[in-house]
Every structure is written in structure tokens, then in C-alpha cells.
Amino acid sequence: MRIPILKLKRYLLISVQVDLDDQTALQFQEDLLNKIHQEGSAGVVIDLTSVDMIDSFIAKVLGDVVEMSNLMGAKVVLTGIQPGVAITLIDMGIMLEEVPTALDLEQGLDKLQQELEA
Amino acid sequence: MQSSVIEMVYTHRHEVIEQWKEEMINIQEGEFTNGAAQAAVTRTNDEFAALIIDTLEMDKEEARLRLRSFSERLMYSGWPLSYFTKGLQLFRRVLLRFMTTNDTIPSSKVFETFQEVENWMDGIVNQLVDEYTGSWEHTLELQKLALKELSAPLIPVFENISVMPLIGTIDTERAKLVMENLLEGIIEHRSQVVLIDITGVPVVDTMVAHHIIQAAEAVRLVGAECILVGIRPEIAQTIVNLGIDLGKFPTKSTLRKGIESGLERTNRQIVNL
Amino acid sequence: MSVQSNVEVHSEWGIVSARQAGRNLAKELGFAGVDQARITTAISELARNIYLYAEKGEIVLEGIEGKEAGGVKRGLKIVAKDQGPGIKSIREVMEDGYTTSGGLGAGLPGVKRLMDEFDIDSITGEGTEITTIKWLR
């Protein structure tokens, strides 16, 4: 299973709509980095509104993806993390401290714009 | 109930009660009855003595119901449990004195009667304690529920700005509830900035601070920002003295300053016209 | 005795089906959204540990009842068991940040925090059994 990656001008948009299993998450990591490389994207928004569970493995993959993208010069914003998911992550002691977040896709794009202008 | 006890109690009913009442006066000192009217104390004692003796001839179920209605009524008017447990101890002592001093009971039966008295009194004590604790647990449940209902709502004050006032002590259970309300409210109102107002939190110790920090982290994960407001001088002192690091998110002394800061973060400001 | 479901874990798909079974049972028992997320995440962590360290094992999910002041409380019990190598130092694995797999080291201590009761039983060379319960609020 592959997660589709959309291109919008300088940005890449991803809306995760499936229950993330390990293989899908790792495949996504690889696909996204290739796409950033290919398109020379400046920013990425990953929308997690439909994701209802993030365990420590998926959290690690997401954190890694943000760090790797940053290395390649693309800023990443995670959006739409659900209350239950956020609370579970905090309970587990996973803060994702270096990862920028926004409420939804729209605000995520605003945030990217601000960060890139700053 | 056992015949030898019944016989003894009924033949000496009057003396037993009189002696018991005389000694009950000593129990009253320094306890609840100090403030109660003498008439009420006398009435309760009369009723209590009559009930104790009545239970001798009741079956278990009837005794249970009578004790329950008696204890419910007294609990309601604030009689402490200890008054009745002490009263029962005294009753036992009075009875035993009767058994041993006057030749009321043939010596062959003393031991047997002694045991019967013990069982009788223990039964009443257990029942009273059960009734009292049952009612305490019930009250506690109700209070917990009331506290839950009192728990923090998230109030939208401007577009994208909401306030959550916290009132009272924050324990782990309440902290969880606060966090859930907070996050669900943020999604519902699309809040970019939330002000958590701790003006009404009496004490901020490491535990409370931990809960607040966790809430702020969770708020950040769902994509909003947290400003902690209502930090009184003594709270600032304890936070620093305890070595709690709140450095990761902004704090303001008052709700007003917090709102100004929130507007600024969402590119707005209040101007005089 | 209420419903019980067993899920075999011997591939990554076992992880997915275990947490789906967990979510369904949690819903059925009346857990709210946040607690559903806590339960599925805990199952995911436990199933992943089986897959990573023991290669195969099973997750047993069960609705249970327990006593509390003033009545009966209901809950969901997760038992994760395997015949893997066992855990050498339970104290170490319960520390935050301890990892032998390169993960975040949030797994077991995380599960303990997500759930209400947690018990771990492991014999080196024979296997591990972890039992954990979430009570309905």
C-alpha cells in the first residue's frame, strides 16, 4: 500500500488516510524523500486527521522523516493530530519536540509560508 | 436471641439503662454532644438504649432495618460514629458488671452468657460501622461526581483564541479530564492559541506543574499554542524554588496580558478608536 | 465469562490485526475515544515487541469485571505472551529511553502509563507474559 504525495507549487501535500502499518510507514518515508529530491520542494505538510493511532514506531518514523527532510532543505509541518493521538503520545513520553505542528492543512500551509519567509 | 441474656436484661432492664445513662454523661465531654441541646442528647440516649435492648428479640433482618433508619437519621444530624461505638462499649461493661456482681446468673452459665453478650454487642457495632462507612463512601462518590462536573470548560473569546480557567486542586484524574476537554475544544473551536488560567489553582507543586506541562505539550501536538496565565507572585516563587522548568512555553501574569499576547501571535491587536 | 479473542502475532500484519481487534473490543465495551487510542496503542507496542524479539506469540484480549467501592467496574485485559528469549533485566526495559532495537525506548514504560494495571512475567530462555488492564471510567 502506498500513500499518495501531491505537489502544489513549491510544496508537497500528504493526507494519510490509512491505518499506518510498519511497511506502509517505511515505504512512505522513502517515497517522500525521493519526491523532495526530484521536485526540489521547499516545504511539506503531512495531514494526520484520519489517523487514529500513532505508536512509538510510527512516531519514530514520522520524527525521522521530519529530520531527514530538513536535511534535504524541506520544512515539514504535521497537521490534524487528533486529541486521542496527542494524549497517547504524551502518556508514552513522546513529545516530538522538534516537529512543527498546525491544526489543519490550511494553517499548516500558512505556517510553512511564515517559516520560509522568516 | 439467647435465653439467659434475655432473662437477665429483662429482669434488670431499668437498672441497666439507668446506670448506662449515668456513665454516658462522661462520654459527652469534649465531643459532638458539647454543642447539642441537653434534651436532644437525653432523647437520643433513651432511643439508643431502647433500640439496643429491642434488637435482642428481633430477627436479623428487622434489626438491620431498625439500625439503618436509626443511624441514617443521626448521621444526618451530625452525630459522630464514635459516640455510638463508645456507647456500646459502655453498655457491654454495664452488662458484664451486672452479670458478675449480683448473683443474677448461675455461675455455670457465666461464661456462656458472657459470649452471648459479646456476640450481641459486636453485631450492633458492625452494623453501625457498616452503615456509617457506606454512607461516607456514597457521599464521597457524589462529591467526586460534583467535582467532575465543575471541571474546566474551554471558552472561545476571540476567533482562534480560547481560555481555559482552572479552579481548585488538580489531581491526576482531573488533569486527564482537563486535557481531553482542552484538546477536543481546540479542534471544535479551531483555536490557535489557548490561555490556561491558573488564577484559581491554590497550589502549584511539581505534580500540578507536570500535568500542566503535559497539557501544553499535547496542545502543541494538535497544532495550537499554549500560554499559561494567572501566575501569582507566590506561585512564581514556588515554581522557581521547586526547580520546575516552565521555560518551554510562554507565561503571563494576567489573563489580560495573555489575551494581548495571543492576539499578537495571530497577527492582531487591540486599538483605541 | 465475556468475549475473548486471540490474535496470533508472527508477522507485521499480526500487529495490525491485533490492534484492530483491540479497537473493536474497546468500542464494544464502551471506552471513549481517547481511551480507545490508549488501548490500541498499548496493543500495538506489545505486539511489536513480540514480533521484534520473539518472532511469534499471541495477544489475548478479554472484557473483564472487577470489584470497586460501591459496585462492579468493567475493563479490558490484554495478555501478550511469547516463548521468546525472555527479558534479561526487567528494571532496564521499564526505564524510559532504554532500547535494544533503535526505537524510541518508549514501549513498555509507555504501555504501563497508558494502562491502569501492568504486570510483567519473564523467564530468560523460556518466554515473556505481560498482562495489562484498562478500566472503564
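As annotated in an unreviewed UniProt entry, chain C carries the name Serine/threonine-protein kinase RsbT and is attributed to Salibacterium halotolerans.

For chain B, the name recorded in an unreviewed UniProt entry is RsbT co-antagonist protein RsbR, with Salibacterium halotolerans as its organism.

Caption draft 1: How the structure looks around the overall build of chain B. Each helix and strand counted, chain B has nine helices and five strands in total. Across chain B, helices and strands are ordered from the amino to the carboxyl terminus as α-α-α-α-α-β-β-α-β-α-β-α-β-α. Scaling as 2.2 N^0.38, a compact globule of 273 residues should have a C-alpha radius of gyration of about 19 Å, whereas chain B reaches 31 Å, well beyond that. Overall size of chain B, expressed as C-alpha extent along the three principal axes, is 95 × 35 × 35 Å. Of the contacts formed within chain B by residues at least 6 apart in sequence, a portion of 76% connects residues at least 24 apart. Only carbon and sulfur atoms are counted for the fraction: they give 54% of the accessible area of chain B, which is about 14800 Å².

Caption draft 2: Representation of the sheet that holds strand β1 (residues 155–158) of chain B. All names here are of chain B. Strand order in the open sheet formed by five strands is β1-β2-β3-β4-β5, with mixed pairing between adjacent strands. With one partner strand each, in any of the chains shown, β1 and β5 (251–252) form the two edges of the open sheet. Where helix α6 (residues 172–189) meets the sheet, its contacts fall on β1, β2 (161–167) and β3 (193–200), and the angle it forms with β2 comes to roughly 165°. Along the sheet, helix α9 (residues 255–265) makes contact with β1, β2, β3, β4 (225–229) and β5, crossing β4 at roughly 160°.

Caption draft 3: Quick peek at the domain arrangement of chain B. As assigned here, chain B comprises domain 1 (3–148) and domain 2 (155–265). Each of domain 1 of chain B and domain 2 of chain B has a C-alpha centre, and these two points are 53 Å apart.

Caption draft 4: Looking closely at the confidence of the model for chain C. When pLDDT is averaged across chain C, the result is 87; 91% of the residues are at 70 or more. Looking at the elements of chain C, mean pLDDT is at its lowest for helix α3 (residues 90–93) of chain C, recorded as 79, and at its highest for strand β5 (residues 127–135) of chain C, recorded as 94.

Caption draft 5: Representation of the packing of helix α1 (residues 12–28) of chain C against helix α2 (residues 33–54) of chain C within the structure. All names here are of chain C. The geometry of α1 relative to α2 is characterised by a closest axis approach of 8 Å and an angle of 155° between their N-to-C directions. It follows that α1 is roughly antiparallel to α2 by the angle criterion. At the point where α1 passes α2, the crossing takes the right-handed sense. When α1 is examined against α2, the residues E12, I15, A18, R19, G22, R23, A26 and K27 are found in contact with a partner set consisting of Q36, I39, T40, I43, S44, A47, R48 and Y51. Of the residues belonging to the contact of α1 with α2, the class tally is seven nonpolar, four polar and five charged.

Caption draft 6: Inspection of the pairing of β1(B) at higher detail. Two strands pair when backbone bridges link them, and β1(B) and β2(B) are joined in this way by three bridges, in the antiparallel orientation. Across the sheet, the residue bridging to B:F158 is B:I161, located in β2(B).

Caption draft 7: Focus on the interface of chain A and chain C. Listed by partner, the interface residues are 21 residues for chain A and 23 residues for chain C. Summed over both partners, the interface of chain A with chain C comes to about 1900 Å²; 54% of that surface belongs to carbon and sulfur atoms. Together, A:M53, A:D91 and A:M92 form the three largest contributors to the area buried by chain A at its contact with chain C, with a combined 29%. Summed over the shared surface of chain A and chain C, the result is six salt bridges.

Caption draft 8: Local environment of helix α2 (residues 38–55) of chain B. Compared with the 26 Å implied by 1.5 Å per residue over 18 residues, the 26 Å span of α2(B) between its first and last C-alpha is a close match. Residues of α2(B) that are buried include every one of B:V41, B:T44, B:N45, B:F48, B:A49, B:L51, B:I52, B:I53 and B:T55, and no others.

Caption draft 9: Main features of the packing of aromatic side chains. Enumeration according to the criterion identifies ten aromatic pairs over all chains in this entry. Consider the rings of B:Y132 and B:W136, whose centres lie 5.7 Å apart with planes at 65°: the pair is edge-to-face. Taken together, the residues B:Y132 and B:W136, both in helix α5 (residues 110–149) and four residues apart, mark about one turn of the helix. Here a set of aromatic residues connected by ring pairs shows up, and it is made of B:W20, B:F48, B:F70, B:W79, B:Y83, B:F84, B:F91 and B:W120. The positively charged end of C:K73 is found above the aromatic ring belonging to C:W135, 4.3 Å away from the centroid.

Caption draft 10: Examining the side chain of A:T24 more closely. Residues and elements named next belong to chain A. As for its placement among the helices and strands, T24 is situated in helix α1 (residues 22–39). The class of T24 is buried, set by a relative accessible area of 5%. Polar side-chain contacts of T24 include one of 2.6 Å to the side chain of D21. Discounting residues that sit within four places of it in the chain, T24 has contacts with M1, I3 and V18.

Caption draft 11: How the structure looks around a nonpolar patch on the surface. Residues B:I155, B:V157, B:F158 and B:I270 make up a contiguous nonpolar surface patch of about 350 Å² in total accessible area. Here B:F158 is to be found in strand β1.

How each quantity is defined
- Residues numbered from 1 in each chain as written.
- Chains lettered and ligands numbered in written order.
- Predicted model: local features only at pLDDT ≥ 70, side-chain atom pairs only at ≥ 80, totals over all residues.
- Heavy atoms only, no water.
- Helix = DSSP H or I, 4+ residues; strand = E, 2+ residues; numbered from the N terminus.
- Rg over C-alpha atoms; globule rule 2.2 N^0.38 Å.
- Contact = heavy atoms within 4.5 Å.
- Areas by Shrake-Rupley, 256 points an atom, 1.4 Å probe, with all protein chains shown as cover.
- Pairing = 2+ DSSP bridges.
- Axes fitted to C-alpha atoms, helices over the stretch in contact; angles between N-to-C directions.
- Domains from an automatic or database assignment.
- pLDDT = per-residue confidence, 0-100.
- Parallel < 35°, antiparallel > 145°, perpendicular 65-115°, else oblique.
- Left-handed = near helix turned anticlockwise from the far one by under 90°.
- Nonpolar A, V, L, I, M, F, W, Y, C, P; charged D, E, K, R; others polar.
- Buried area = accessible area lost by both parts, 1.4 Å probe.
- Salt bridge = Lys/Arg side-chain N within 4 Å of Asp/Glu carboxyl O.
- Expected span 1.5 Å × (residues − 1).
- Buried < 20%, exposed > 50% of the residue type's maximum accessible area, 1.4 Å probe, protein only.
- Phe/Tyr/Trp six-rings, centres within 6.5 Å; stacked < 30°, edge-to-face > 60°.
- Lys NZ or Arg CZ within 6 Å of the ring centre and 35° of its normal.
- Polar contact = N/O pair within 3.5 Å; in protein donor to acceptor, adjacent residues only side chain to side chain.
- Patch = residues over 30% accessible without salt bridge, like charges linked within 9 Å, V, L, I, M, F, W, Y side chains within 5 Å.

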